[in-house]
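Here are the chains, one letter per residue:
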Amino acid sequence: MPGRLEEEALPRRDFLGLAGLWAAAVAVVGSIAGMMRLPMPSVLPEGGHRFRVGRPEELPAGTEQVLPEQKVLLSSTPEGIAAISLVCTHLGCIVARTENGFACPCHGSVFANDGRVIGGPAPSGLKWLEVSQAIDGRLVVNGGRQVESGSYFKV
Amino acid sequence: MSSTGLGAFWENLRNLPRNLRESVLRHGRPVSDRGRSLAVFSNLFLHIHATRSNVRSLRFSTTLGLGVASFSLFLILLVTGILLMVYYAPSTSLAYNSIKDIHFVVPTGRLIRNIHRWAAHLMVIAVLLHMCRVFYTSAYKAPREFNWMLGMALFVLTLALSFTGYLLPWDQLAYWAITIGANIAASPRELTDALGITQVFDPGGIQKQLLLGASEVGQDALIRFYLLHVIVLPLALAALAGVHFWRIRKDGGLAKPGVQQTAAGKGASVTAAAAAPEDSPTKSFGLMCVVRDRSPATNQTVEDTVPSWPHLMRAELLIFMITMLLSVVLGLWLDAPLKEMANPAIPENPAKAPWYFLGLQEMVSYSAFMGGLIIPAIVVFGLTLIPYLDREPEDVGSYLSAPGAKRVAAWSLFIGAVGAVTAVAVPVNFGWLRNWFPDIDQLVIIAINPGSLLTAVYAAWSIIVLKRSGSTRMAAIALFSCFVIGFIILTWVGTYFRGPNWDFYWSPAQWPVH
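Please read all numbers here as calculations on a predicted model, not as lab measurements.

K.L.:
I keep staring at a nonpolar patch on the surface and nothing clicks. Help me out?
P.N.:
Residue and element names in this part refer to chain B. A cluster of nonpolar side chains, Ile 48, Phe 146, Val 243, Trp 246, Leu 385, Tyr 388 and Leu 389, forms an exposed patch at the surface whose accessible area comes to about 600 Å². Only helix H12 (219-250) and helix H16 (368-389) provide two or more residues apiece to the nonpolar patch. For the nonpolar patch, the element with the most residues is H16, which contributes three residues. The residue Phe 146 is located in helix H8 (residues 145-166) in this model. A residue is classified by how much of its surface remains accessible, and Phe 146, at 32% relative accessible area, is partly exposed.

This is the structure in structure tokens:
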């Protein structure tokens, strides 16, 4: 134990002062972190992602239908019906249907008919969305659930 | 008793105008040098200025008035912005119509909105030119490194204010800019998706949700950007601008040739000549600068200086009036654009940002993550660190004064231009990796794209200059000049040569009709 007249390594007052400063710093950082909880949404305002579209009979094999509101292309083939999202995987613009695929107006991504990227900055192909059928016979697309591209819904 | 009371009252009433003036101004007419110093010194708004200004600092050619112009534009934007807030409603259903009301119904609304828009564009230009002026006169050298850093922060805030501003009308430009901006914030997902770790670590998603308050662009996003535009960013900019101005004085005024400055800045004795003489005036006199000899702060003789009142005030007022005139003339002459109402189903084709972001849009069209986040971050951090990485003592205050500096700048502009044109021309003519190898990994595209290669070429050129000249200042000139010309060329390409689907066209006349 050091004698009373020996100098302490860290004077008591300095220690208490530093402890106070650090406590204040932790409190400030902690409250900023706590405040960021407020702008971070815990409930998202959007409704469900599922929406009903037409009946399968209205979409004979070989036809397709663009639903601009839902940002989806319904494509009917002999293999079944598929829903391809029209939201560009690059930065969220809506791609336009072209003769042999899709083109994005914002940054020039190009997609093939099945949604594969064939040019431009998009990191991945257009999403294929889950298609099912409701009890009333209408088709239901789930915009929140992606399926393997090339998986068709057989009526 | 009552008569003397009445007499005193009349006396006070008679002296009311003079007493009022004296209670506010606290000094007489600024007819002497001391009076002029007091005029500056005893006024809260003026005392950020020195009481005396160097003659050279007052010359238009020294600063081109760009800093004062930037701040003048900020003031114009503040006033017109408050006026616009009277009628603007930050709601997705009301915003567009309130802007239309401001434009077509509200008296002077159209002019005020036009001035607000053009002053914002002018501010971006003024801030960029101010940065170039400070860089090329090496005015960022010690002790002014920190003020350069503050300037970079102000530059970023200016761009952020511009971005959040054009989102508010909720037209097609606004809606798709928010969408693209939020997705750029989410673009770290490009990397985390490619690595397959988005499920556990998703910084992009967190950033996007913080910005939008939702997973899609809507009312929550509008109110957040409104909040940023009208309160958060202007407050931050005003506070930092205050520090920026204060530091100009604390760092010894504007950079002047022939003045060697130490890192200690103001108040540090530099040379023997600067040592205070035996009969040096008292400190309060020193502050008033009614000194005979060299002042230790700036190492300049009194003869080099004139009273800030009226000389500096007049110069500043002149710059303010010119910026004001320019904004008003532009506002009378050109209408601020307003596109169709936001339509979440169909973006415009082409969907172009305002001109100052078109270079960025060009970069983003190579890779969202690399071009939208990494390269801008590298550029901002690189520019910010310039004064810390180039600490060569140098004569500051005149353009490219170091031997060989002009040659390095010219070569760098040339190489920067060739690089930028190549970076655009190659993908336009030959496509890029995805067109050649359709199954290529996304990680490769993030790492190797025209934008990242251009950045690498600029860095490499700067290192070559560093090795050959052995001077960090030359390397800084090389890097900065490349950045400037790259920014100009990419912005030019985005503005004039990009058409529908972001395809390359030599002129809009060649755009496909549809």
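K.L.:
Is there a simple way to explain the pattern of salt bridges in this structure?
P.N.:
Once their charged atoms are close, side chains differing in charge can pair, the charge on each being opposite to the other. All names here are of chain B. If you walk through the whole model with that rule in mind, you get 17 salt bridges over all chains. Measuring nitrogen to oxygen at the nearest pair gives 3.2 Å for the salt bridge that ties Asp 33 to Arg 52. Placement of Asp 33 in helix H2 (residues 33-41) and of Arg 52 in strand E1 (residues 52-54) is noted, with a sequence separation of 19 residues between them. We classify Arg 52 as buried; its relative accessible area is 12%. The partner of Arg 498 in a salt bridge is Glu 362, with the nearest N and O atoms 2.5 Å apart. On the criterion of sequence distance, the pair formed by Arg 498 in the segment after helix H21 (472-496) and Glu 362 in helix H15 (residues 358-364) is long-range, its members being 136 residues apart.

K.L.:
Just to check I follow, could you spell out the sheet that holds strand E1 (residues 50-52) of chain A for this structure?
P.N.:
Pairing between sheet strands relies on hydrogen bonds along the backbone, with the strands arranged either parallel or antiparallel. All names here are of chain A. Spatial strand order, E1-E10-E9-E4-E3-E2: six strands in an open sheet with antiparallel pairing. Edge strands, defined here as strands with exactly one partner in the open sheet, are E1 and strand E2 (64-67). Pairwise comparison of adjacent strand axes, ignoring direction, gives a mean angle of 25° for this sheet. Judged from the six bridges that link them, strand E3 (residues 72-77) and strand E4 (residues 80-85) form a sheet pairing that is antiparallel. Each bridged residue has a counterpart across the sheet, and for Leu 73 the counterpart in E4 is Ile 84.

K.L.:
Sorry, what's going on with the pairing of E4(A) here?
P.N.:
Across a regular strand the side chains alternate sides, sitting on one face of the sheet and then on the other. Residue and element names in this part refer to chain A. Of all six residues in E4, six are buried; the element is thus mostly enclosed. Burial along E4 is two-sided: Gly 80, Ala 82 and Ile 84 facing one way and Ile 81, Ala 83 and Ser 85 facing the other are all buried. What sits between E3 and E4 in their antiparallel hairpin is a turn of two residues. Across two bridges, E4 lies against strand E9 (residues 128-133) in antiparallel orientation. Paired with Ala 83 across the strands is Leu 129, a residue of E9.

K.L.:
Can you walk me through the state of the cysteines in this structure?
P.N.:
Put plainly, two cysteines are in a disulfide when a covalent bond ties their sulfur atoms together. Taken as a whole, this structure holds one disulfide over all chains when the rule is applied. Put simply, A:Cys93 and A:Cys106 are joined by a disulfide, and their sulfur atoms are 2.0 Å apart. Measuring the twist about the S-S bond at about -95°, one finds the A:Cys93-A:Cys106 disulfide to be left-handed. Highlighted residues: A:Cys93 in the loop between E4 and strand E5 (96-98) and A:Cys106 in the loop between strand E6 (101-103) and strand E7 (110-111), separated in sequence by 13 residues. The class for A:Cys106 is buried, based on a relative accessible area of 0%. Here B:Cys132 stays free of any disulfide, with the sulfur of B:Cys482 as its closest cysteine sulfur at 13 Å.

K.L.:
What is the right way to read the packing of aromatic side chains from this model?
P.N.:
Aromatic ring pairs are reported here in terms of the distance separating the ring centres and the angle at which the planes meet. Going through the model one piece at a time under the given rule, you end up with 28 aromatic pairs over all chains. Ring centres of B:Trp432 and B:Trp436 lie 5.9 Å apart, and the angle between their planes is 45°; on these two criteria the pair is classed as tilted. Linked through ring pairs, B:Phe135, B:Tyr136, B:Tyr140, B:Trp148, B:Phe480, B:Phe483 and B:Phe487 together constitute an aromatic cluster. The ring of A:Phe102 carries A:Arg97 above its face, with NZ or CZ at 4.8 Å from the centroid.

K.L.:
Even after reading the chapter, I still don't get the interface of chain B and chain A, so can you show me in this structure?
P.N.:
How big an interface is tends to be reported as the loss of accessible area on association of its parts. Facing 34 residues of chain B, the contacting portion of chain A comprises 28 residues. With both chains or domains summed, chain B and chain A bury close to 2,500 Å², and 61% of this area falls on carbon and sulfur atoms. Our enumeration of links across chain B and chain A arrives at zero salt bridges. Where chain B packs against chain A, one counts six residue pairs in polar contact (both at pLDDT 80 or more). Those elements giving two or more residues to the side of chain B that touches chain A turn out to be helix H9 (172-185), helix H11 (203-212), H12, H15 and helix H18 (433-436) of chain B. Looking at the side of chain B that touches chain A, the element that brings in the most residues is H9(B), giving six residues. In terms of residue class, the side of chain B that touches chain A is built from 16 nonpolar, twelve polar and six charged.

K.L.:
Would you take a moment to explain the environment of B:Ile197 for this structure?
P.N.:
Its location among the elements puts B:Ile197 in the loop between helix H10 (188-195) and H11. Separated by 251 residues in sequence, B:Ile197 and B:Ile448 place their C-alpha atoms 21 Å apart.

K.L.:
Please explain H16(B) as it appears in this structure.
P.N.:
One turn of the α-helix equals 3.6 residues, which is why residues spaced by three or four share an orientation. All names here are of chain B. Taking 1.5 Å of rise per residue, 22 residues should cover 32 Å, and H16 covers 29 Å from first to last C-alpha, within 8% of that figure. At Leu 383, H16 is deflected by roughly 30°, the largest bend along its length, and proline Pro 387 occurs up to four residues later in sequence. Regarding H16, the residues found buried are Ala 368, Phe 369, Met 370, Gly 371, Gly 372, Ile 375, Leu 383, Thr 384, Ile 386 and Pro 387.

Conventions used here
- Residues numbered from 1 in each chain as written.
- Chains lettered and ligands numbered in written order.
- Predicted model: local features only at pLDDT ≥ 70, side-chain atom pairs only at ≥ 80, totals over all residues.
- Heavy atoms only, no water.
- Patch = residues over 30% accessible without salt bridge, like charges linked within 9 Å, V, L, I, M, F, W, Y side chains within 5 Å.
- Areas by Shrake-Rupley, 256 points an atom, 1.4 Å probe, with all protein chains shown as cover.
- Salt bridge = Lys/Arg side-chain N within 4 Å of Asp/Glu carboxyl O.
- Helix = DSSP H or I, 4+ residues; strand = E, 2+ residues; numbered from the N terminus.
- Buried < 20%, exposed > 50% of the residue type's maximum accessible area, 1.4 Å probe, protein only.
- Pairing = 2+ DSSP bridges.
- Axes fitted to C-alpha atoms, helices over the stretch in contact; angles between N-to-C directions.
- Disulfide = S-S within 2.5 Å.
- Phe/Tyr/Trp six-rings, centres within 6.5 Å; stacked < 30°, edge-to-face > 60°.
- Lys NZ or Arg CZ within 6 Å of the ring centre and 35° of its normal.
- Contact = heavy atoms within 4.5 Å.
- Buried area = accessible area lost by both parts, 1.4 Å probe.
- Polar contact = N/O pair within 3.5 Å; in protein donor to acceptor, adjacent residues only side chain to side chain.
- Nonpolar A, V, L, I, M, F, W, Y, C, P; charged D, E, K, R; others polar.
- Expected span 1.5 Å × (residues − 1).
- Bend = angle between axes of the 7 residues up to and from the residue.

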